[in-house]
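Each chain, written out:
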Amino acid sequence: MIGSVGSAKFPTVATLRYADDLALAHLLADTADAVSMARFRALDLRVESKPDLTPVSDADTAVEKALRATLARTRPRDGVLGEEFGHSDAAAGPGSRQWVLDPIDGTKNFVRGVPIWATLIALIEGDQPVVGMVSAPALGRRWWAAIGHGAYAGRHAATATPIRVSGVKRLADASFCYSSLHGWEQTGRLDAMLDIMRTSWRSRAYGDFYGYMLVAEGAVDIMVEPELSLWDLAALVPIVTEAGGEFTDLDGRPGPAGGSAVATNGWLHEDILERLAARRAG
C-alpha cells in the first residue's frame, strides 16, 4: 500500500485516515507526469500569456484537465481548486475537503526547457493542508507527505526515503534560498533580504517548489517568497512540516493562506521573521 511507506509499526488514526488520499495523490502524479513529459521540450508546444502576463502552456491546461477528470471519478464529494480553471464544487455538494492543483509550477522553466518544474497536488480539509505531493518528472524525483505519515522522497513510493530538515541553528552557518529579488523590492523588504544574504553562509535562488523541497530534505535551511497563491503553497506545507520544519507567511501565521512563505528548519524561523519585519520600508 502506497500510504504505508515508512509508517510507524502501529499506525495512528491519522495515518489510516489519509492513506487512501496519499495513494490517490501518487496516482494523480503518475497521470500528470505522463501528460507533462509528453509536452516537455515539444517543438509544437503552445504558450500564451494570461491576464497577469504570466505564461501558460498547453501542458498546464492538459495536466489540470486530466487531474480534474480523475478526481471527478474518484472523489465526487471533494471540491477542486486549480490554477488554470479555478474552483469547482464537489458533484455531491459543498464539503470540507478540497484538492488544490498547480499543474506545472515553474512554467517559465518548462517552456524554456529547464527541467526544474513540478506538478503540485494538495488535499485541504477545512483550512489545513493534510496531503502534499510534488512530482518533478524531468528531475526523476517526487516528494510527498500526509499528516501523521512523515515526509518522503524518491522516484516512487516503493523506493521512498524518509526526509528530514537540517539541524543548523545559526544564520551564519545556514544555506539561504529565495526565488528572485524583484518581489522583495516591491514589498519594501529588499534591504532585509540583502542583509540576510550577507549574513548567511550561502545564498542561492533555486526558485519555485524546489527551494522548499531542499529545506524538507535538509539540503538548505531557509526558503522565502513574498507573493504566492494558494496553489503555489498548499502541497508544500505538509512536506516541510512533516519533515520537521516550520512553514508560515511573513507575519508568522502557519499554513498556506497568507500569500507569502517562510519555510525553515524551525531553528532559524523566528530570526528570519524578525529580520524580514525589521527592515521593511515604510
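Values in this document were obtained by computation on a predicted structure and should not be read as measured data.

### So, the nonpolar core
The biggest cluster of nonpolar side chains holds 35 residues, and the ones touching the most others in it are Val134, Trp143, Phe209, Tyr212, Leu236, Ile239 and Phe247. When contributions to this core are tallied by element, the ones reaching two or more residues are β6 (118-125), β7 (128-136), β8 (141-146), β9 (150-154), α6 (208-217), α8 (236-242) and β15 (261-264). When residues of this core are assigned to their parent elements, the largest contribution, six residues, is made by α6. The contacts of Phe209, once residues within four sequence positions are left out, are Asp105, Ile116, Trp117, Ala118, Leu120, Val134, Ala136, Leu139, Trp143 and Leu236. Counting residues in hydrophobic clusters, the runner-up holds 22 residues, among them Leu24, Val80, Val131 and Met133.

### Overview of the packing of aromatic side chains
A complete count under the given rule lists 10 aromatic pairs for this structure. Judged by centre distance (5.2 Å) and plane angle (55°), the ring pair of Phe40 and Trp117 falls under tilted. Here Trp117 lies in the loop between α3 (107-112) and β6 and Phe40 lies in the loop between α1 (13-39) and β1 (47-49), a separation of 77 residues in the sequence. Taken together, a centroid distance of 6.1 Å and an interplanar angle of 25° make the contact between Phe176 and Tyr178 stacked. Comparing Phe176 with Tyr178, the two get one shared label, buried. Grouping aromatic residues by their ring pairs yields a cluster made of Trp143, Tyr206, Phe209 and Tyr210. Geometry around Trp267 places Lys169 over its ring, the cationic atom sitting 4.2 Å from the centre.

### Observations concerning unusual backbone geometry
Even without glycine at this site, Arg41 takes up a positive phi of about 65°. Looking at the secondary structure, you find Arg41 in the loop between α1 and β1. The phi dihedral of Asp208 is positive, around 55°, even though this residue is not glycine. Mapped onto the elements, Asp208 comes out in helix α6.

### Quick word on the side chain of Arg39
Of note, Arg39 is situated in helix α1. In this structure, Arg39 is in contact with Asp44, Leu45, Arg46, Asp58, Ala59 and Phe110, ignoring residues within four places of it in sequence.

### Details of the pairing of strand β11 (residues 175-178)
The two faces of a sheet get side chains in turn, since along a regular strand they alternate between them. Residues Ser175 and Cys177 point to one face of β11 and Phe176 and Tyr178 to the other, with burial holding for every one of them. Pairing between β11 and strand β12 (residues 202-204): three bridges, direction parallel. Looking at β12, one finds that Ser175 is bridged to Arg202. Here β11 runs beside strand β13 (residues 222-225); their pairing, made up of three bridges, is parallel. Within the sheet, the bridge partner assigned to Tyr178 lies in β13 and is Val224.

### A look at helix α2 (residues 58-74)
Taking 1.5 Å of rise per residue, 17 residues should cover 24 Å, and α2 covers 25 Å from first to last C-alpha, within 8% of that figure. Along α2, the positions that sit buried rather than exposed are Asp58, Ala59, Asp60, Val63, Glu64, Leu67, Arg68, Thr70 and Leu71.

### Looking at the sheet that holds strand β14 (residues 246-248)
The strands that make up a sheet are held in pairs by hydrogen bonds between backbone atoms, and each pair lies either parallel or antiparallel. Spatial strand order, β12-β11-β13-β15-β14: five strands in an open sheet with mixed pairing. Two strands bound the open sheet, and with one partner strand each, they are β12 and β14. Neighbour-to-neighbour, the strand axes of this sheet turn through a mean angle of 15°, independent of strand direction. Across three bridges, β14 lies against β15 in antiparallel orientation. By the bridge assignment, Thr248 is partnered in β15 with Val262. Packed onto the sheet, helix α5 (residues 190-199) meets β11, β12 and β13 and runs at close to 150° relative to β11.

### Considerations on the environment of Val130
Looking at the secondary structure, you find Val130 in strand β7. Excluding residues within four positions of it along the chain, Val130 makes contact with Tyr18, Leu123, Glu125, Ala145, Ala146, Ile147 and Pro238.

### Describing the side chain of Ser36
Position of Ser36 relative to the elements: it lies in helix α1. Its relative accessible area of 0% is what places Ser36 among the buried residues. Within the local environment of Ser36, its side chain forms a polar contact with the backbone oxygen of Asp33, the two atoms lying 3.4 Å apart. Discounting residues that sit within four places of it in the chain, Ser36 has contacts with Val63, Ile104, Phe110, Trp117 and Pro137.

What counts, and at which threshold
Residues numbered from 1 in each chain as written. Predicted model: local features only at pLDDT ≥ 70, side-chain atom pairs only at ≥ 80, totals over all residues. Heavy atoms only, no water. Core = buried A, V, L, I, M, F, W, Y, C linked by side-chain atoms within 4.5 Å. Buried < 20%, exposed > 50% of the residue type's maximum accessible area, 1.4 Å probe, protein only. Helix = DSSP H or I, 4+ residues; strand = E, 2+ residues; numbered from the N terminus. Contact = heavy atoms within 4.5 Å. Phe/Tyr/Trp six-rings, centres within 6.5 Å; stacked < 30°, edge-to-face > 60°. Lys NZ or Arg CZ within 6 Å of the ring centre and 35° of its normal. Pairing = 2+ DSSP bridges. Expected span 1.5 Å × (residues − 1). Axes fitted to C-alpha atoms, helices over the stretch in contact; angles between N-to-C directions. Polar contact = N/O pair within 3.5 Å; in protein donor to acceptor, adjacent residues only side chain to side chain.

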